[in-house]
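Architecture at a glance
As a plain string of letters, each chain reads:
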Amino acid sequence: MAVYNLGSINIDHVYQVPHLVRPGETLCALEYSRGLGGKGANQSVAAAKAGAKVFHIGAIGPDSDWMMEALRGHNVDLGNVLQLNTPTGHAIIQVDRSAENSIILFPGANRHIPDGHVARVLESACPDDMLILQNETSAQSASVRLAADMGLRVLYSPAPFELGPLKEVVRFTSLLLMNEGEAEEMVAAFGSLPDCDVIITKGSKGAEWHRWGKDPLHAPAFPVTAVDTTGAGDCFAGTIAAALDAGLDPEMALRRAVAASALQVTQADATSAMPSRAEVDAFLENAP
């Protein structure tokens, strides 16, 4: 089995700030760092470190070899990543002293992935495989339709949240993953949750899995001291994709994803903070 990820690859420009900048304010940052990011790259790394075989489908611009090397270092297969003349996507991230963040995103090459490229990649996929995707790339609609027709499981994180793409993709989704705010906005627009499994992450309150036709599952959060919450949702998504790909039952997969996210926020940076399967195992052994 394998995880195919139609996902963004971004350069993260991270600024540690006294507080999130206010309208009209010029604020001096306390620290700056540059690193690999993007919801797609984050989820690929999280899934690979959790033990899955991950094939990343994406696009970057010129002068981005360092990003490819970083992804290869986490055992992500990059044979299906296109190199284009369009600039690589990037994010401007503020992180305040309480570990909350604010992000400005430039999609760049992520929005220039052709439908046909994804279709060629998925020719090698099997019905037991999984396609994961977010709202940071092109080729979503055609790819999710194809994956559903092939019998692949589809895990969709509708972030950044937009109702248009959500309406198009959710019809073919096996598992929808949202945070509390996104779930509230969806219910306000549609009147209810969709006719598929839905996981709602709730930060310090854990996560809930609303299973279609079954009783919901709840996994409580683990008490940790957060340093940087950037990428926590991506860590959750990649970990649960890997757990389900490995055949774990929903209750154990949910608990592992919550544990991995708890570990991830205790370190700065998004991608490099993704915990390994062994680290999550050790954490759970000592957890209450």
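Heads up: the structure comes first, above all this text.
What you see is a predicted model, and the numbers here were worked out from it, not measured in a lab. (Residues numbered from 1 in each chain as written. Predicted model: local features only at pLDDT ≥ 70, side-chain atom pairs only at ≥ 80, totals over all residues. Heavy atoms only, no water.)

Details of the packing of helix α8 (residues 250-264) against helix α9 (residues 277-285)
When two helices pack together, their arrangement is captured by the angle between the axes and the distance separating the axes. Heads up, the condition is: Geometry is summarised by axes, namely lines fitted to C-alpha atoms with helices restricted to the contacting stretch, and by angles between N-to-C directions that run from 0 to 180 degrees. Strands are runs of DSSP state E lasting at least two residues, helices are runs of H or I lasting at least four, and both sets are numbered from the N terminus onward. For classification purposes, angles smaller than 35 degrees are called roughly parallel, those larger than 145 roughly antiparallel, those between 65 and 115 roughly perpendicular, and all remaining angles oblique. We call two residues in contact whenever any of their non-hydrogen atoms come within 4.5 Å of each other. Polarity classes work like this: nonpolar for Ala, Val, Leu, Ile, Met, Phe, Trp, Tyr, Cys and Pro, charged for Asp, Glu, Lys and Arg, and polar for all others, with Gly in that last group.
Interhelical geometry of α8 versus α9 gives an angle of 100° and a closest axis separation of 10 Å. Viewed along their axes, α8 and α9 adopt a mutual orientation that is roughly perpendicular. Within the contact between the two elements, α8 uses Arg 255, Arg 256, Ala 259, Ala 260, Ala 262 and Leu 263 and α9 uses Arg 277, Glu 279, Val 280, Asp 281, Phe 283 and Leu 284. Here the contact of α8 with α9 is composed, by residue class, of seven nonpolar, no polar and five charged.

So, the sheet that holds strand β11 (residues 197-201)
Each strand in a sheet pairs with another by means of backbone hydrogen bonds, the pair being arranged parallel or else antiparallel. So the rule is basically this: For two strands to count as paired, DSSP must find a minimum of two bridges between them.
Here nine strands make up an open sheet; going across it, the order is β5-β4-β1-β8-β9-β10-β11-β12-β13 and the pairing mixed. One side of each edge strand has no neighbouring strand; the edge strands of this open sheet are β5 (77-83) and β13 (217-219). Geometrically, the sheet is characterised by an average inter-axis angle of 15° between neighbouring strands, direction not taken into account. The pairing of strand β1 (residues 3-6) with strand β4 (residues 54-60) spans four bridges and is classified as parallel. Residue pairing across strands places Val 3 opposite Val 54, the latter belonging to β4. Contacts between helix α6 (residues 180-190) and the sheet are confined to β10 (175-179) and β11, with β10 contributing the most and set at about 110° to the helix.

Some words on the layout of surface pockets
Just so we agree on the cut-off: Detection works on a 1 Å grid of protein atoms alone, calling trapped sets that fit a 1.4 Å probe cavities and calling open sets with protein on both sides within 12 Å along at least five of seven lines pockets, with lining residues defined by an atom within 4 Å of a point. Grid points are joined across faces, edges and corners, and a volume is the space filled by probe spheres set on the points.
For the largest pocket, the calculated volume is near 1300 Å³. Residue assignment for the lining of the largest pocket shows that the elements contributing at least two residues are β2 (10-16), α1 (39-49), β6 (89-95), β7 (101-106), β10, α6, α7 (232-245) and α8. Among the elements that make up the lining of the largest pocket, the one with the highest residue count is α7 (five residues). Here the residues of the lining of the largest pocket are counted per class, giving 20 nonpolar, 17 polar and eight charged. By volume, the second largest pocket amounts to about 230 Å³. Looking at the second largest pocket, the residues that line it are Met 130, Arg 153, Val 154, Leu 155, Ser 174, Leu 175, Asp 197, Trp 209, Leu 244, Leu 248 and Pro 250. The dominant element in the lining of the second largest pocket, judged by the number of residues it contributes, is strand β9 (residues 153-156), at three residues. Residue composition of the lining of the second largest pocket, grouped by class: eight nonpolar, one polar and two charged.

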